[in-house]
Each structure stands twice: as structure tokens, then as C-alpha cells.
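Residue-level listing of the chains:
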Amino acid sequence: MSHVSPGTDQRDGASPALELSLRDRARSLIYAPEAACVLPLIEEARLTAKDRSAIVSSARKLVKTVRTKRRRAAGLDTLMREFSLSSREGIALMRLAEAVLRVPDKTTLDALIRDKVGAADWGAHMGVDSPWFVNATAWGLMISGRVTQGAQPETDRGVLARLVAKGGEPFVRKGVEFAVRLLAERFVSGATIEDALWRAADSSAQGYTHSFDMLGESAINEEQVRRHLTDYVRAIHAVGAADDRRGPYAGNGISVKLSALYPRFEDAHRERAISALMPRLRTLASLARRYDIGFNIDAEDCDSLDMSVDILEALAFDPDLADWHGLGCVVQAYQKRARPLIDHLIEVAKASGHRLMIRLVKGAYWDTEIKRAQVQGFCDYPVFTRKAHTDVSYLACARRLLAARDVVFPQFATHNALTAATIHRLAGSQFSLGDWEFQCLHGMGEALYNEVLGRNNWARPVRIYCPVGNHARLLPYLVRRILENGANSSFVSQLVDQNLALDSLLADPVEEASNNQGARHDRIPLPVELFRPERANSRGADFGESRELERARQALFRAAASQSEAGPILAEDLPPSGLEERWSVINPADHEDEVGEVIEASDKAIEAAWSAATQESSWRDQSASHRATVMHRMADLIEANRDDLIALCLREAGKTLNNALGEVREAADFCRYYACRATELPLVAEPLGVVVCISPWNFPLAIFVGQVAAALVTGNRVLAKPAEQTSLIAAEATRLFHEAGVPRGALQLLPGRGEVVGAALIKDPRVDGVMFTGSTEVAQGIHRELVTHPKPVRLIAETGGINAMIVDSTALPNQAVEDVLASAFDSAGQRCSSLRVLCVQRDIADELLIMLRGAMRERVMGEGMLRTTDVGPVIDATAAQRIVSYLERMRGRGFEVGSVSLNADCARGQFVPPTLVEITRLGDIEGEVFGPVLHVLRYDADQLSELVEEINALGFGLTLGVHSRIDATVIRIVRSARVG
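The rules behind each value
Residues numbered from 1 in each chain as written. Predicted model: local features only at pLDDT ≥ 70, side-chain atom pairs only at ≥ 80, totals over all residues. Heavy atoms only, no water. Helix = DSSP H or I, 4+ residues; strand = E, 2+ residues; numbered from the N terminus. Buried < 20%, exposed > 50% of the residue type's maximum accessible area, 1.4 Å probe, protein only. Contact = heavy atoms within 4.5 Å. Areas by Shrake-Rupley, 256 points an atom, 1.4 Å probe, with all protein chains shown as cover. Axes fitted to C-alpha atoms, helices over the stretch in contact; angles between N-to-C directions. Parallel < 35°, antiparallel > 145°, perpendicular 65-115°, else oblique. Nonpolar A, V, L, I, M, F, W, Y, C, P; charged D, E, K, R; others polar. Phe/Tyr/Trp six-rings, centres within 6.5 Å; stacked < 30°, edge-to-face > 60°. Lys NZ or Arg CZ within 6 Å of the ring centre and 35° of its normal. Pairing = 2+ DSSP bridges. Patch = residues over 30% accessible without salt bridge, like charges linked within 9 Å, V, L, I, M, F, W, Y side chains within 5 Å. Salt bridge = Lys/Arg side-chain N within 4 Å of Asp/Glu carboxyl O. Lys, Arg positive; Asp, Glu negative; His and termini not counted. Charge placed at Lys NZ, Arg CZ, Asp CG, Glu CD. pLDDT = per-residue confidence, 0-100. Core = buried A, V, L, I, M, F, W, Y, C linked by side-chain atoms within 4.5 Å. Polar contact = N/O pair within 3.5 Å; in protein donor to acceptor, adjacent residues only side chain to side chain.

**So, the overall build of the chain**
Along its length, the chain carries 38 helices and 22 strands. When each of the 980 residues of the chain is scored for burial, the buried share is 61%. Once local pairs closer than 6 in sequence are excluded, the contacts in the chain between residues at least 24 apart make up 79%. With an accessible surface of roughly 38300 Å², the chain has 50% of that area assigned to carbon and sulfur atoms.

Shown next, in the form of C-alpha cells:
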């Protein structure tokens, strides 16, 4: 739902006459205060006393019936109740289901089984009250667990376990695989669409219809997209042929995930995504129209909602899809904008002539949305924080849909008996096929919906949402989807809990929302309040919001209209001699953009700075609380000047938009963090005195500010020498420190070359401490110089290293690849913590590297202000030449070196493409390559200990990543790796 003015709508296929006010209203609610969103919905959702009484009576009857029939139930809800996620067995079972069918090698599979099965009490979950498949699952895992534990007591089960043990590890694997496949049968409706249709025959005979979802994970490269597209085409043909034109209401349908059909289905890549998706969606929708089956676009995360709605509109106004009522979409009631979105979709239906199928769900990515908002420092959450508020939103949306049944086909997806009873009551007693329907997830709510569907009860249609796909590929996704429904607080879990009172289960969400006045959950602080009462979280920005993006663009335009200057900033200004060294600063992403000029500190300026610093005492004499207050003020100033600082980071350091925002946020966090530490911890020593802070170009604002803030807040005076490539940023930060209240004599800036200004500062006998971030080689040189001083000088150094990641065969490939991309190529690999060597277990290396290379081709290189840019330039020509020369040497030594292609936009800047170098041993690496270069090493499962020792032998590593589902493996690596 992008901001497009009426009359200028350029969306593919959308009606230019369609009013956008409802879209704008929905957009404005993304981060609105929760109460402002909930309170208007309460009256819409409120029931009359008569309706409420009838609904509770109906829901009570449903719950009692379901609980009575629980022994015969065999759904996921029963399984999740038995293996609660609050139990060791529940967690172990979910982890096994997520990983065990994907592990190709016996060595790792045995380790996974020992790790997850051995210590759990599976026998406690067997009983006469449990369905057969719960008992069977527990039995298989119990026997396997007892075998892995060794000797057992002389019980029937112990004897059996010892007999089974004679079969050895192959029997254990079979036992676990048996249990997990039983679980998979409950999660997945079929490995293929043909299998799913065959399995759906029984439920179809009962009166159920189905919507088949062909896959789970998003695509990360075009190869996966092609496979998913083929699956969808095949599914539409199969469902359409089997349906024999029963129509979208009486027949089956297909659900489509847009993220499966384009690898960068992200708002930042909106134009490219829609351009690529529309031909694919038109092909699929046209095929569905030919068979007259339902074609539903699934909802995903909040970030992608705008694109999903744009695509739906384009399809709705496509003349080739006219006179077909199978087109549909999903609305998540937990989003704050759900209610106005419903109104907008109704208007789309009216304007396009389609009777849109609208599936109303409560939402399945709640924890992800909450965590994303917290990490990004947004002003609020895009989703409701209370379950009752989501229920109120659902009821308000449902009422609106039921009132518009002439133009939309409402589909109510819920496993909540109270919600179902409310929908049934609100819909009224008059009903005919195609009026509306219920929906449920395959394997869940069977006992509930058998009652709903039954002719002796409501006799209302129910559609089952059926995941289809290879168990090994689909289970990881479904396990994560099911976690929310498996929570103890969910209705699915509570429904089969005989100990939970019915009155509690059937409580009125409208009353609860009224009582709390729509207030946010008191245990979920706003993202900016996450670290309270200690300190504020740094403020983030969602550049998907047009206002935020426009502010950043305007700051960049202002910066481009003038030139910055960075010279010495001293306690007292010195007149320039005219002999100082100076150089122009050129944007590394655009050599035609001259950013400003740097004036190197002369010997005279350096001496003046030393003299003022040694004489300055007012700052040292201030209380710790005063200095902390100044640091808090500095954090506020950084955030107040956020857009201008972002613009400077973009132009001088070649940062991408999100990296530049991260710089600003980290700088503010440093100030607040050190301020809190200074007042909270007793200071047992006097300040060191005069501290020289030497900061790097790769974090020109964050590390510069962090070093200076840490030194200042403890009462030291600071002489700051920034990297010569990024002195303009440092000069602006220094001015903000002074504005915040730091005396000029306590903080002075001395820009210049490291071998000139840096060397002079370190050699001076008046230095009391040095803070340095940069290469290990330079740090060692500084250390050698300082040990020659006549007095002890404190050195605090943070250096880079050859950082590794170990990926074993239990890892989820998609997840591992995403993390590799972020660690190795974000910031063009110019972080001290960037991934330098990827160690992949040989059994999965081919598959993972194919995925990784494909995903690398989807990365976008270019100028940082563009939201589409993933990888920016390297800092300068010297850095680029160093990287290119290294890659040429590796090619000359016979190693496979593969890079992505640079686009035309990179010609004006200093770009090096993301590159993979396959090596045969860790000793092949010549040293740290500070850029977008990733070495790949394959290792065997039984070589893990030797691998960790080889990583240790490389020297200092700042970070180490591990992708493994085996806790014992993670602990083993953490204990033996010498990093951090």
C-alpha cells in the first residue's frame, strides 16, 4: 500500500479511479499506539447480551463435546497438548521433527538423536487416554532413548530396550525416523499434490473442501523459484482436473506464497519484485481461472503487505481475469491496520467486479514481528501485543466482511471455539453454499470442526488448509509455524486441557479490551523502552515509510549542495599556516561526488592539543553523574541529527542506507551505555589522564563515538585521531560532543595520516592511554612503541581476525545461507566481525553452495541511498587493489574463485563483487582479506575437533558462528574455540 497520489497511480493493472484514502489510513496505523487502534474496534466487536449468551452457550457445548471425544482425537492439537512446549520432551520432539529427516549422514544423525532423545522421559507420555499415534510416537522415541542411555533397570521396557540395543544404531535411527514420520503425517497433507489429493478424499467425503499450499520456505534464489513455480502449475492442473469445475466455493483451491516466487520479496525491492512477480502470478491465476478453482495469495510478514495488496489489485483489474470469483487474499487480524485494510479490499472488489475471497486469520508470525520492531528500534509495534486485542480486531473485521457478502466471500480461519461460535451467530441462520465458510489447518481442530460441519449441528462448510511437500523440506517451516499454536496460552492448547475451567476459556475479549482500555501489554515495552529503566534504546527508522525515506533523501540533497571540512578542532583555534597537508574526500560509490576536504594536523596543532589537554582539569573534576548526563545529552544530539549523519556516512564512507542508520544508532547506544556504567559502577581508580583514541574508517561514527565516550565518561581528556578516509564524520561528531557539554580542552580532534599524526601522538611521552581499533598488525606496532615509554601506558585494542562459521548437516540450509550473506557481504565485508571462512560439512556442501551462489546473484550492488542496495563500495582504490590482487593470486594457485557480476551502476565507484574462494585447508588463506571475500572449506563430520584446532591456529578471531541443531556440538565448539 504505497503512497501514491490519486491520479498518479502507476501500479501495474490497478484502477486509477480507485480512491487511496483507505490505503493511506491503513498505512498510518502501522506504528500507531495500540489503544488508538483498539478502542475504535471495541464498539464494532461488542455483542448484545442476547448474542453473547447464545454464543457462550454454543461454544460451551462445542468445548464439552471436543473434550469428551479427546480420546479418539488424533490431531496436532492433541499431540501438542501431550508434548507441551514447556516440557523437555515437547522441545526435543519439535527439534527432532525440524531436523532429523534432513540429516544425510549417519554420524551426525546419531549425534542428533543422542542429543535430543536420550535424556527425555518419553514413557511418561504413553497411556490409555492417549490416541494411538501419540502412543506410537512416544514408544518409538522411548525405546530409542533407552538404547542411547545404555544400561536400563530390569523392567519390561528395560529388557526390551536391551534386546533392541543388539540391533545397534541402525535400529535407533529407525525408531526415531518412525516417530518423526508419524509426526510428519500430522503436519503435512502429502509429499506431492497427487498424494495430498488422495489423502484428502476421506475428509472430502465428510464434506470438507481444501486449499493446498505447495511449500513452506521462501525462495532465496531463482533456482528455487523455478521449482516452486513448477510445483504450483502442477498443483493447479491436478486440483482443477480432480475438481471437475465445482467452482471456488464448493471445490478445492490453491494457496500461493509470493516469497516463493521471487527471492527478494522485500519492500526495499518492491519495484523489481512486482515486475518479476506479475507475469508469474498472471500465468498461475489464468490457469486457476481456466479450471475455476480458488486462488488465494497468502499473507506473510508486515513488511510485505503493501506489495501483496498491490499485486492483488493488479490481478483484480486484469481484463484477462474478469468474470472469475476465485481470486483471494489473506488478512491478519493481529496487524493494527487489518480493519481499514478490509474496507479497502471491499472497495477493490466493488471497483473490479470480482467477488474477492478474503481469508481472515489471526496471524502466525507474531513473535517475529515483535522481535523485529525491538531490534530495529521502531516507535511501536505493527501488531497487537494482547491476544484479546487480536480477537477484538478479528471480530470487527468479521462483522465488516459479513456485511459485504455481496462483494466478498468471507473465509474465517480459526481454531477457537468461542470465535467460531461468534461467527456463526453473527452470520445469521440463513445460509446457502457460497455465503461464507470456516477454515482450519490440516491436522488441527478436527474434533471441533467435525461438530461444526455435522448436519446435526451447524452444517456450515469448512475448508482445510493443507501444506504439501517433501517432509524433509517442509517440516522445518511447519514446526516454526506451529510453535505459536503450541503455546500454553493458545486456544488450541487450552481446548484439550481438562483442568482449565470453561469460564476462563470462554472469557469475552471485548470486555477484557474494554477493561484495559486498549493498552499495550505491560510486559512488552515499546521498542525504544526496551532497556528501561536503565536507558533508552536507540531510535530506529522504517525506510519503507515514505516520510522517513524522504527525510533521509532531503538530508542527502542538503549535504550534496555544500562541502564539509575537517581540520584540527582544538581548545583554541590556531590560524592556518597554509602549509598543512590537505586532500579532497571523494564518495567511494561515486567518484564524481566530492564530499569535502580534510586538513591534516600540523606539528604545531599537535603540540597545542597536548598542551591544552594536560592543563585541562575541569572535566576530570566533574562528578560521574555530570559526565554521564553529558553523554546522555550527546546521544540525544546524535539522534536529533540522525538524517545529516546518515547522509555523511553514505557519502564519505560509502555506507548503505541501513548500515548508515545502524552507525547512528550504535553511536547513541554507546553514549547511553557508558553513561549508565559510569554512574552504576564504583570507580576504584583515578582517570588515566590524556587518552589517544584512534578509530577506523569501517565504523567511522559508531567506533569513534564509542571510544571517545568511554574515555570521557571516566574523566579522561581525549585526543582523537580518526581514520584519514572518514575524518569528516569524526569532525561532525566532535562538534556534537562540544555542543553536549564536553569542554573543548577535554576533547580535541587531530585528523591526519596514521603514519604521521597517529605515530606522533603515540610516541609522545605525555600519553597515558591509547584506544585503538584496526588491524592486528598496526595494534602490534603500537604495543611495541608503548613498551618503550618511560611510564606504563594502557593500551585497549580491538582488532580484526579471520572469523569462521561452522555449518554441520543438521543446519537448515536456507537459514544458514541468509546468515552467511549477512555476515560475509554486508558492509562489503568491511567489518572486523565479517565472516571470512565458511566451514561446511561435506555431506551438505554441494547443496548449500549451490543455494549460496544463487543467493549471491540476487544481491544488489550500488549507491547507498537506494533502498535496493545490499552491498556498497570498498573504502578506496588501495583497498580495492589489495583485494583484487589477492584474488588473482588465489586463482594463480589453482583455487576456484567465483564472483558475481558488477552492474553498470558500479562503474562510477570503487566496487569489488562478492566472491567465493574454495580452499582445501585453512592454511591456504594468506591472511585477513578486508572485503567481500568468503573462503569455503569442506570438512568431514569426524574431523570437527581438528577443524576447531585449525581455526584456533589461524590466530585471533573476533567471532565464530555455529549452525547446528545439536546442543552438545555447540557446547563442544564454544569450549574449545579461542575467539572473542
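**Points about the packing of helix α28 (residues 642-653) against helix α31 (residues 727-740)**
The N-to-C vectors of α28 and α31 enclose an angle of 155 degrees; their axes lie 9 Å apart at closest approach. When the interaxial angle is binned, α28 and α31 end up roughly antiparallel. On α31, the residues that touch Leu645, Leu648, Cys649, Glu652 and Ala653 of α28 are Ser727, Leu728, Ile729, Glu732 and Leu736. Here the contact of α28 with α31 is composed, by residue class, of seven nonpolar, one polar and two charged.

**Focus on the packing of aromatic side chains**
For the structure on display, the rule yields 10 aromatic pairs. Following the ring pairs from residue to residue traces out a cluster consisting of Phe412, Phe431, Trp436, Phe438, Tyr449 and Trp458. Positioned above the aromatic ring of Tyr394, the side-chain terminus of Lys362 is 5.3 Å from the ring centre. Between Arg535 and the ring centre of Phe531, over which it is positioned, the NZ or CZ distance is 4.5 Å.

**Digging into the sheet that holds strand β18 (residues 835-841)**
In space, the six strands of this open sheet follow the order β19-β20-β21-β18-β17-β22, with mixed pairing throughout. Every interior strand has two partners, whereas the edge strands, β19 (896-899) and β22 (960-963), have only one. Geometrically, the sheet is characterised by an average inter-axis angle of 20 degrees between neighbouring strands, direction not taken into account. In the sheet, β19 pairs with strand β20 (residues 915-918) via four bridges, with the strands oriented antiparallel. Residue pairing in the sheet places Glu896 in a bridge with Glu918 of β20. Strands in contact with helix α37 (residues 944-953) are β17 (803-807), β18, β21 (933-939) and β22; relative to β17, the strand with the most contacts, it is inclined by about 170 degrees.

**Some points on the sheet that holds strand β4 (residues 327-332)**
Taken in spatial order, the eight strands of this closed barrel run β1-β2-β3-β4-β5-β6-β7-β8, and their pairing is parallel. Each adjacent strand pair in this sheet contributes to an overall mean axis angle of 30 degrees, direction not counted. Note: strand β3 (residues 294-297) against β4, three bridges, orientation parallel. Within the sheet, the bridge partner assigned to Asn296 lies in β4 and is Gly328. Sitting on the sheet, helix α10 (residues 193-206) is in contact with β1 (209-213) and β8 (462-467), with an inclination near 160 degrees to β1. Docked against the sheet, helix α11 (residues 222-243) engages β1, β2 (253-256) and β3, running at close to 165 degrees with respect to β2.

**Here's the deal with a negative patch on the surface**
A contiguous patch of negative charge, built from Asp942, Glu946, Glu949 and Glu950, is present on the exposed surface. As for its placement among the helices and strands, Glu946 is situated in helix α37.

**Here's the deal with the confidence of the model for the chain**
On average, residues of the chain carry a pLDDT of 87, and 86% of them reach 70 or more. Note on residues 146-167: pLDDT is under 50 here. Beyond four places in sequence and across chains, it has 27 contacts.

**What about the nonpolar core?**
Ranked by internal contacts, the top residues of the largest apolar core, which has 96 residues, are Phe212, Phe295, Ile311, Phe412 and Phe438. In terms of residue count, the dominant contributor to this core is helix α13 (residues 270-291) (10 residues). Sequence-distant contacts of Ile311, that is, excluding residues within four places in its chain, are made with Leu258, Phe265, Ile274, Leu277, Met278, Leu281 and Ile297. One finds Met631, Met634, Cys649 and Ile729 within the second-largest nonpolar core, a separate group that totals 63 residues.

**Some thoughts on the environment of Arg463**
Within the secondary structure, Arg463 is located in strand β8. For Arg463, a relative accessible area of 3% gives the class buried. A polar side-chain atom of Arg463 sits 3.3 Å from the main-chain carbonyl oxygen of His210.

**Examining the pattern of salt bridges**
As enumerated under the stated definition, the model contains 58 salt bridges in all. Taking the shortest distance from any N to any O, the salt bridge between Asp636 and Arg672 comes out at 2.9 Å. Placement of Asp636 in helix α27 (residues 624-640) and of Arg672 in helix α29 (residues 657-680) is noted, with a sequence separation of 36 residues between them. Judged by relative accessible area, which is 5%, Arg672 ranks as buried. One salt bridge in this structure joins Glu663 and Lys655, with 3.5 Å as the shortest N-O distance. Lys655 matches Glu663 in its accessibility class, with the two residues each being buried. Sharing partners across several salt bridges, the network here consists of Asp846, Arg853, Glu896, Glu918 and Arg938.

**So, the side chain of Arg359**
Along the chain, Arg359 turns up in strand β5 (residues 356-361). Residue Arg359 is classed as buried on the basis of its relative accessible area, which comes to 4%. Among the polar contacts listed, one links the side chain of Arg359 to the side chain of Asp298, at a separation of 2.9 Å. Within the local environment of Arg359, its side chain forms a polar contact with the side chain of Gln439, the two groups lying 2.7 Å apart.

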